[in-house]
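Each chain is listed here by its residues.
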Amino acid sequence: MSGIERYAAPRTLEEAAELLSAGGATVFAGGTDVMPQANAGRLRFQKTLLNIGRIAELRGIGESNGVVRIGALTTITELLESPLVRGRFRALWQSCDHFASDQIRNAATLGGNLCNASPAGDTLVPLLVLDAQVVLAGKPNGTLATRRLPLAGFLTGPGRTLRAAHELLTAVEIALPPAGFDSEYFKFGTRPALDIAAISIGLGAVREGRVLRDVRVAFGAVAPTPVRAPRVEAALEGRIADDAAIEAALEAAADEIHPISDIRASDWYRREMVRNMLQRMLCDVREG
Amino acid sequence: MSAKVEIDFTLNGVREQRAVAADMSALAMLRDVVGLTGTKYGCGEGECGACTIRVDGVTLNACLMFAVDCDGREVTTIEGLAATPPGEKLRASFVEHGAVQCGFCTPGLVMQASHLIEKNPGAGEEEIRRGIEGNLCRCTGYRKIIEAIAGAK
Amino acid sequence: MGEAQKTVARETLIGKRIPKMDAPEKASGRTRYLHDIDLPGQLHAKILRSTQVHALIKSIDTGAAKRLPGVHAVITAADVPWQRPIGVAKDHLPLKTGRVRSLRDEVAAVAADSVEIAAAALALIRVEYEPLPPLTDPVEALQPGAPLIHPEPHGGDGGPQLKPGGPVAYTGKPDNVAMTFEYAQGDVAQGERESDAVVEDVFRLHYVTHCCMGVSGVIAEFDASGNLLLHSNTQVPFLHKREFAEMLGIDPGRVRIIQPPIGGGFGSKLDIYPFEPIAIFLARATGRPVKLVYTREEEFEASPTRQPVLLKLRSGCTRDGALTFRAVETLHDNGAYTSWGATTPFVMMQTVSSLYRVPHCKYRTRAVYTNNPYAGSFRGYGNLQATFAVEAHMDRLADAIGMDPLEFRLKNAQQPGEVTPQGMHFGTCGFKECLSTAAARSAYQRKRLEHASRQGDASPLKRGVGIASMLHVGGGAKIYPSDGCGTILKIDDFAHVTLITGASEIGQGSETVLAQLVCEELGLPLSSVTVVNNDTDITPWDVGVHASRTTFIAGNSAIGAAKKAKDKILAAAAAKSGRASGDLQLSGGFVVTPEGEKLFELGKFLRSLHFSDKADLVMTTFYYEPPSHHQDREFKGDVSAAYAWASQVAEVEVDTRTGIVKLLSITAAHDVGRVLNRLGIEGQIEGGVVMGQGYALTENLIVEGGAVKNPSFRDYKLVTAPEIPEMDISFIETMDGEGPQGAKGVGEAPAICVAAAVANAIHNATGVRITSLPFTPERVYRALRGKLEAPVWNVPA
């Protein structure tokens, strides 16, 4: 039987960090991951149920000095409705558009999606492409301390991250990409949303004439975490997206992904889809 | 057993104070504690939309929401919506367009439709389809539901 | 038109768009489904299921569970030694003794103060198993030396409560063959000799399940005299009343079934499943009302499936396009117990023998036991599976002789007046009109050629069209001793009608259509009728909601009762007015003359009948039994009073880079006899088409090693709103002479041919014939690359 002894809904980060330092807390914001996981027995409630959804300072999307800060409590719907996200982070916006359903987008938070660390997590792939950093805050020694980690390092396995038990993910920071940078997110599925990606691909680059610069590629659901694909990026960096470059990128992708077979897709099919869909995305880039 | 927590919230326009178990879902609270059964259990994991309610204006799956998280918030269920002019308009449109068969998914769809229309009064067919993608219906094939929502705008 | 013939044009309700009577309550969240009902003093029950696919139960320790506070009863088979086997073959004990045969097997059950306590108690029950070799491949079930699923007798010990003459305990089976069906007409060998083209394929049809939005549940309660009251979602209340009584060894007169509004049926509630007797056992053990409601996960893991089928079909035709023979053999995976799935051959062989005219035909099914989930009845009842194979071969044969597939079908299609070798008599038959209408409205012939010519184009997106048709019973199905339905009709002093019908409403709109038919007879508006249809203590007998029969059978029954009421009223009005009763009509709430003169306001007239010297009320009864016949031992007979026909054209887009098949449109033409409620019938067809779409493209209950691997909507994909196709629906009105106002049944028809049409469309788009379902992206992608394992027939003879 679950044994939650205490419920807390702090209003400040200080307060929340304090509670976390005491240990034994289950943290939730939207609840869309925690609730079904608890019902299915995949998550055991700790003694304290900590609702971080009331901490105002974890909300909002803002830009200063070329860095966009997205508060951890920003819902997927809020991301979809942000002109900044839509204008500058197209892949992220697309991933939100493909995210579950309206009801879940209204509740689910960006911080929650990151901490849930699903290999198929929708926002993770575009955030990798955007070189996002996560901001973690905690009060290990009585004072609030903050640290920043690149998202790629933060994710360590299915449902696992470098967030310490006493820490909260407070925000995601994205340096505004260079002028001309555009990004694209592809999620494999038969319907617009309400689906778990069998594979997903994020692609971003600056086009200088016909040449691609600052190429960034990430894949979802082909490894224990969503992953950047440095060899694919290298195969495309500084090149024209011609047949040879595309073929080199596809070969590199085949080496860089390690998909598994599960009820959603076989490893073979995942490989085929990464190949075919990356090819399609690169051909679209070539055709402008 | 989990601790009980006192919460204070607005339900269908009426202030409510209830004691709920910390691990209880808003769905269980509405049905088993408050006794409003219009919000349905269909799957318990946010995949079917039968338990759609509105909280502070937006729609959520009540099965994914902690009851304690209702504290301080404004919650509307189908019973509340049905008593308002937009709710009456939606009901009339669902009835007239034949959007109801077994009816089990209907309250959730009416709730979602109310949010959709409020947010995007000019929603076209594609937007309506996308707007209800989180609501499963096994009887109607959705066609008449889409028409009912278009007809209620 | 002569003055004498002039009659007042009566406002008719037939063919109009009539909203469902129960829709306002449902759209307000006010309708109380079973899940929403709580009785005073009610306990909550949960079931402990087997953790083993196949094992012997060595011991069950319920001690700790019984000691948990709030637990009222913990029962196992040992507590109900008098329990009787249930199900179609009476091979299924609600609580298992000795052996578990699947992961859904019920080992123990708890009644407690809350669902949470009941769940906690389940966790305290210790069961010791001795694993047995599992049998999860139906082909292996027929091999010598295969594990046996029902080798020993099981069932009640014939305790003192059993009445003589009741069902006996299951005697056990020396092999795994649960049921066999064999049918033959003509001489298949001769047919083959006469053929210019012969094709043979093996088809495999997968597991899908009903996914009613309202999960399964029941509330059982005994009164102080031992009478049983069930709140049940059953589709067959009167059959179950009897079956529950036999199971309990009590008089069926002491069982009352109330059916609250139901959150979807689709055939899933035609059989008794163990959870229902278990709730009854717990109610008896505790003396309290006991409510048992599934979780969605349980619904996936422990409710019936559509029948999975392995099917070998061999067919032939002459070079001028006449079908010569068809030979079918199927292997049905029964699962661990026999529910209705095993009996789907009743319907399958009709499609095989009689959808098209085929002189020589042979059909054989073996349904075998395995340790897999058991299959029940599901909208279409085997017809989706049979039609999938038959319609693939209609295309294959047409290709083989170089004939247009539409022409080939038209040439072999049944026509009105036909009596098939299986004994079905097609009084009305709009099949050819269905074919030509669906084809013309979808531009099938032109598009088929265009799409085929583009198969080799560079574009990765390929389009295709495919046609398929279906035959299904449309005037009931005489399976039970009676296929009838009773009606009681009363008209009160204010001309308000109460229609008490045996027919159950399961969301399909029967309540509204029956009220409409009654209003049509009595010249009253729909608001003048209340329908009572959910209590076996009140309603007259009906065989149940199945076989697309309710509009036809209950409709005729309602009309019969209404006509008797009308006759009585008009006879009295004639006496009072001095006119001949044949001259009078009921219209707009009045007794009127042919010229439209209002003689009597109906309410007032009824009061004058009531409060007179000969005080009388208008109350009538009618029992309608369709003029159909039971099949003989060779499965021959005219089992339905009418037959429904449909043709559907699917247009698809196949993305060859992903295998994603998008269903663009369905053009459907249905012979429905006559449209009664346009809104309702459109809803039935649209819903059925999308259910067929799910069967073809998205739904797949993955069963591996006896376990359901995807027991959630996350991975069992129902079609969502953005995915539905364009739907163009035409009604072919053949005005069936026996049907109510000319109508025929339609409930199952729309789901039946979608998958078959989609298969033909994929072939048209890509040139690849896929003989197994579902057409999910990876399977299609593999098929396009020759990497999809084709089904093979390796079944022992």
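Residues numbered from 1 in each chain as written. Chains lettered and ligands numbered in written order. Predicted model: local features only at pLDDT ≥ 70, side-chain atom pairs only at ≥ 80, totals over all residues. Heavy atoms only, no water.

Engineer: What should I look at first to understand the nonpolar core in this one?
Structural biologist: Considering soluble globular proteins, one finds that nonpolar side chains tend to be buried as a cluster. F94(B), I149(B), W645(C), F713(C), V758(C) and F775(C) are the most contacted members of the largest nonpolar core, which totals 152 residues. Membership of the second largest hydrophobic core comes to 77 residues, among which are C96(A), A117(A), V34(B) and A67(B). (Core = buried A, V, L, I, M, F, W, Y, C linked by side-chain atoms within 4.5 Å. Buried < 20%, exposed > 50% of the residue type's maximum accessible area, 1.4 Å probe, protein only.)

Engineer: Got a minute to help me understand helix α1 (residues 26–34) of chain B in this structure?
Structural biologist: At 3.6 residues per turn, the α-helix brings residues three or four places apart onto the same side. Residues and elements named next belong to chain B. Of all nine residues in α1, seven are buried; the element is thus mostly enclosed. Restricting attention to buried positions, one finds in α1 the residues A26, L27, A28, M29, L30, R31 and V34. Those residues of α1 that are buried lie in contact with β1 (4–11), β2 (14–21) and β3 (52–55). Where α1 terminates, the next one or two residues include G35, which has phi positive at roughly 90°. (Helix = DSSP H or I, 4+ residues; strand = E, 2+ residues; numbered from the N terminus. Contact = heavy atoms within 4.5 Å.)

Engineer: Can you help me understand the packing of aromatic side chains in this one?
Structural biologist: Under the defined criterion, the tally for this structure stands at 22 aromatic pairs over all chains. Look at F45(A) and F66(B): their rings are 6.1 Å apart centre to centre, the planes differ by 65°, and that puts the pair in the edge-to-face class. In this pair, F45(A) is assigned in the loop between α2 (34–39) and β3 (48–51) and F66(B) in the loop between β4 (58–61) and β5 (74–76), connecting two distinct chains. With a relative accessible area of 1%, F66(B) lands in the buried category. One aromatic cluster is present, built from ring pairs that chain together Y356(C), F426(C), F431(C), Y643(C) and W645(C). Directly above the ring of F378(C) sits R306(C), whose terminal nitrogen or CZ lies 4.0 Å from the centroid. The ring of F590(C) carries the charged tip of K598(C) above its face, separated from the ring centre by 4.6 Å. (Phe/Tyr/Trp six-rings, centres within 6.5 Å; stacked < 30°, edge-to-face > 60°. Lys NZ or Arg CZ within 6 Å of the ring centre and 35° of its normal.)

Engineer: Would you take a moment to explain the sheet that holds strand β17 (residues 485–491) of chain C for this structure?
Structural biologist: The strands making up a sheet associate through hydrogen bonds between their backbones, and the pairing can be parallel or antiparallel. All names here are of chain C. Reading across from one edge, β19-β18-β17-β23 is the order of the four strands in this open sheet, with mixed pairing throughout. Either end of the sheet is taken by a strand with one partner, and the two such strands are β19 (529–532) and β23 (618–624). When strand polarity is set aside, the average angle formed by the axes of neighbouring strands in this sheet is 15°. Sheet analysis places β17 next to β23, joined by seven bridges and oriented antiparallel. Across the sheet, the residue bridging to I488 is T621, located in β23. Packing of helix α14 (residues 510–522) onto the sheet brings it into contact with β17, β18 (497–501) and β19, and relative to β18 it is tilted by some 130°. Contacts between helix α15 (residues 550–577) and the sheet are confined to β17, β18 and β23, with β23 contributing the most and set at about 145° to the helix. (Pairing = 2+ DSSP bridges. Axes fitted to C-alpha atoms, helices over the stretch in contact; angles between N-to-C directions.)

Engineer: Help me understand the interface of chain C and chain B in this model?
Structural biologist: Every contact between the two is made by 51 residues of chain C and, on the other side, 40 residues of chain B. Buried area between chain C and chain B, summed over both chains or domains, comes out near 3800 Å², and the portion from carbon and sulfur atoms is 59%. Among the residues of chain C in contact with chain B, A27(C), M213(C) and A721(C) are the three that bury the most area, contributing 16% of the side total. Viewed at the interface, chain B and chain C are joined by six salt bridges. In this structure, the connection of chain C to chain B is made through 24 residue pairs in polar contact (both at pLDDT 80 or more). Those elements that place two or more of their residues in the side of chain C that touches chain B are α1 (23–27), α17 (678–698) and β28 (726–732) of chain C. Looking at the side of chain C that touches chain B, the element that brings in the most residues is α17(C), giving eight residues. In the side of chain C that touches chain B, the residues fall into 24 nonpolar, 16 polar and eleven charged. (Buried area = accessible area lost by both parts, 1.4 Å probe. Salt bridge = Lys/Arg side-chain N within 4 Å of Asp/Glu carboxyl O. Polar contact = N/O pair within 3.5 Å; in protein donor to acceptor, adjacent residues only side chain to side chain. Nonpolar A, V, L, I, M, F, W, Y, C, P; charged D, E, K, R; others polar.)

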